[in-house]
Every structure is written in C-alpha cells, then in structure tokens.
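# Examination of the molecular architecture
Spelled out from the first residue to the last, the chains are:
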Amino acid sequence: GRVLDRAVGEAGIATEDSYVTNAVKHFRWRNAPGGGKRRIHQRPDTWQIRACEPWLSAEIERVDPRVIVALGATAGQALFGASFRVGSQRGQAVPWTAGRNQGAEQGSGDHEVTVVPTIHPSAVLRASDRDSAYNGLVHDLAAVSEVLRREAGMR
C-alpha cells in the first residue's frame, strides 16, 4: 500500500479522488517453506477471477470511474480476459466498455472507460532494480494523470 500511495502522489493523482479495490476478493496462499505462520501469496486461477467478476462489476458501476488503473496481470485479466498481458499495453490509455467484462454482450447501460494497465506495486518490491521498477510505475501512473487532465479540459 505504501508503494502505491507514494507513486500515486508522485504522479500527481489526488488520493482523495481515488478508489482502490481488488479484482479478486480472496487471498490465495500457501505455507512458507520451512513452516511457520508466514503465508506466500499465489496468483488466482482464471476461474477465481471470473467468480469475483460480479463484485468487481458492481463496484465499477457504483463508483463510475473516469479512469481505471489495472495494477498487474490479474486486474487486467479481470477486465480484458485471460489473454491479457501487462507488458503489451503498460502505461497506455486503453478503451474498455464497462458492463462487458469477460466478453459478455454489450447492453444498453454500458459506457466506455479508459483503462491504464501497469505493474502491481508488489512487483516493485520483488524487482532486482527497485528504483527502475518504481520509476516505471510512476511513469505509468503519470499517464493516468494526463488522461484525467485531458478529460477535465473537455468538460
């Protein structure tokens, strides 16, 4: 959380104008090697991402965001499907139709939202070059700030 908070601030995004949630609402884990109480986070399977879709969709509908930041592959896959990869669209403003998760039919209440995919903040902590990874995250979030400024100018 601290890495994300710091990066959001450095990118010029007001935290009070932000809403943070998880695409998957459970914590999948395994015991750490050697035992003990420590839990190692595990990536959710596609079926687990899909199972949480109704909650994510309801949150998106309720919050009605101008921009969604997909932090990591799991968040991107929750929005764009299992074939989504962060690296191919990282830091780019990508149109996404709210209400049409996982390839469902487009309905009358759907509207387009800008999504900016980037790495998950935990990837910064796992990176061998944390400074470079962090700077990349801030750069990607600056793209979000730019989209928000552009939209504010259009209103």
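Read on for a plain summary of the structure.

Calculation criteria
Residues numbered from 1 in each chain as written. Predicted model: local features only at pLDDT ≥ 70, side-chain atom pairs only at ≥ 80, totals over all residues. Heavy atoms only, no water. Helix = DSSP H or I, 4+ residues; strand = E, 2+ residues; numbered from the N terminus. Buried < 20%, exposed > 50% of the residue type's maximum accessible area, 1.4 Å probe, protein only. Contact = heavy atoms within 4.5 Å. Areas by Shrake-Rupley, 256 points an atom, 1.4 Å probe, with all protein chains shown as cover. Phe/Tyr/Trp six-rings, centres within 6.5 Å; stacked < 30°, edge-to-face > 60°. Lys NZ or Arg CZ within 6 Å of the ring centre and 35° of its normal. Pairing = 2+ DSSP bridges.

Helix and strand content of the protein chain: 7 helices and 5 strands. Reading the protein chain from its N end, one meets helices and strands in the order α-β-β-α-α-β-α-α-β-β-α-α. Looking at the protein chain as a whole, 38% of its 155 residues qualify as buried. Residue pairs at least 24 apart in sequence account for 59% of intrachain contacts in the protein chain once pairs closer than 6 positions are excluded. Carbon and sulfur atoms make up 49% of the accessible area of the protein chain, which totals about 9800 Å².

What the rule picks out here adds up to 1 aromatic pair. Aromatic side chains Phe80 and Phe84 sit 5.4 Å apart centroid to centroid with 20 degrees between the ring planes, which places their arrangement in the stacked category. Among the residues examined, Phe84 registers a relative accessible area of 5% and is labelled buried. Residue placement shows Arg6 over the ring face of Tyr134; its charged tip is 4.0 Å from the ring centre.

Of all 8 residues making up strand β5 (residues 111-118), 6 are buried, and the element is well covered by its neighbours. Examined bridge by bridge, strand β4 (residues 94-98) and β5 share 5 bridges and lie antiparallel to one another. Looking at β5, one finds that Pro95 is bridged to Thr114.

Take Gln48: it is sitting in helix α2 (residues 46-51). By relative accessible area, which is 10% here, Gln48 ends up buried. Once residues lying within four places of it in the same chain are set aside, the contact partners of Gln48 are Val24, His26 and Arg28.

Mapped onto the secondary structure, Ile13 falls in the loop between α1 (2-10) and β1 (29-31). Along the backbone, Ile13 and Val144 are 131 residues apart, and their C-alpha atoms lie at a distance of 8.0 Å. Setting aside chain neighbours within four positions, we find Ile13 in contact with Val8, Ser18, Leu141, Val144 and Ser145.

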